[in-house]
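# Summary of structural features
What follows is each chain in one-letter form.
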Amino acid sequence: MIVASRSLNPAHYPDIEIVSEGLEARVRELRTTRMDFWLFGGGELFSQLLAWNLVDAAEPTVLLILPGGGVQLFPSSGICRQLTLTGHRAYPGGMIPLEYEVRK
């Protein structure tokens, strides 16, 4: 598991790779393995990866129960990318995962 963090101490998590510096280079290196990886949470991190042109797809999920707060999906960063809806599902509990391709 790899975690991007500016605050976690790697010594406290010996079984996890914590990347606090050189994130762009590390993600580019991971992409050369042709292995898919996922980002969970972190609208600010997502925006940074988008700025580095390292996002191929986005899969936000709409929940019908709104918590009234939380992390913005796309913080105001001035980055603009066109998305193409490539799929969606609807579950009886109200969860609607959306699949978008990021146009480059």
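Anyway, here's the lowdown on the structure attached to this text. (Residues numbered from 1 in each chain as written. Predicted model: local features only at pLDDT ≥ 70, side-chain atom pairs only at ≥ 80, totals over all residues. Heavy atoms only, no water.)

## Considering helix α2 (residues 43–51)
Here is the rule: Think of it in three bands: with a 1.4 Å probe and only protein chains considered, a residue is buried below 20% of the maximum accessible area for its type, exposed above 50%, and partly exposed in between. Helix and strand definitions here come from DSSP, where helices need a minimum of 4 consecutive H or I residues and strands a minimum of 2 consecutive E residues; each element is numbered from the N-terminal end. By construction, the arc corresponds to the directions joining the helix axis to the C-beta atoms. Any two residues having at least one pair of non-hydrogen atoms within 4.5 Å are treated as being in contact.
The complete set of buried residues in α2 reads Gly43, Phe46, Ser47, Leu49 and Leu50. Here the buried residues of α2 occupy an arc of 160° about the axis, which is enough to place them on one side. Buried-residue contacts for α2 involve α1 (23–31), β3 (57–58) and β6 (96–102). A positive phi of about 60° marks asparagine 53, the residue just after α2.

## What to know about the pattern of salt bridges
Keep this limit in mind: Salt bridges are counted wherever a side-chain nitrogen of Lys or Arg sits within 4 Å of a carboxyl oxygen of Asp or Glu.
A complete count under the given rule lists six salt bridges for this structure. Between glutamate 44 and arginine 6 there is a salt bridge, with its nearest N and O atoms 2.8 Å apart. Note that glutamate 44 is positioned in helix α2 and arginine 6 in the loop between β1 (2–4) and β2 (17–19), a separation of 38 residues in sequence. Using a relative accessible area of 72% as the deciding quantity, one classes arginine 6 as exposed. Notably, a salt bridge pairs arginine 26 with glutamate 17, separated by 2.6 Å at the nearest N-O pair. By relative accessible area, arginine 26 is classed as buried at 19%. Among the ionic contacts, a cluster of salt bridges with common partners joins Glu17, Arg26 and Glu29.

## Description of the nonpolar core
For clarity, the threshold we go by: The definition of a nonpolar core used throughout is a set of buried Ala, Val, Leu, Ile, Met, Phe, Trp, Tyr and Cys residues joined through side-chain atoms within 4.5 Å.
Formed by Val19, Leu23, Val27, Phe46, Leu49, Leu50, Leu54, Val55, Ala58 and Val102, the largest nonpolar core amounts to 10 residues. Sequence-distant contacts of valine 102, that is, excluding residues within four places in its chain, are made with Leu50, Val55, Asp56, Ala57, Ala58, Arg81, Gln82 and Leu83.

## Some words on the environment of alanine 90
Locating alanine 90 in the fold gives a position in the loop between β5 (83–88) and β6. According to the relative accessible area criterion, alanine 90 is exposed, its value standing at 63%. As for alanine 90 and threonine 61, which are separated by 29 residues in sequence, their C-alpha atoms are 9.9 Å apart. With sequence-adjacent residues up to four places away left out, alanine 90 is seen in contact with Met95 and Ile96.

## What to know about α1
Three or more residues of α1 are buried, namely Leu23, Arg26, Val27 and Leu30. In an axial view of α1, the angular spread of the buried residues amounts to 95°, which keeps them on one side of the axis. Considering only its buried residues, α1 is in contact with β1, β2 and α2.

## Some thoughts on unusual backbone geometry
Notably, asparagine 53 is not glycine yet its phi reads approximately 60°, a positive angle. Structurally, the position occupied by asparagine 53 is in the loop between α2 and β3. On the basis of relative accessible area, asparagine 53 is assigned to the partly exposed category, the value being 33%.

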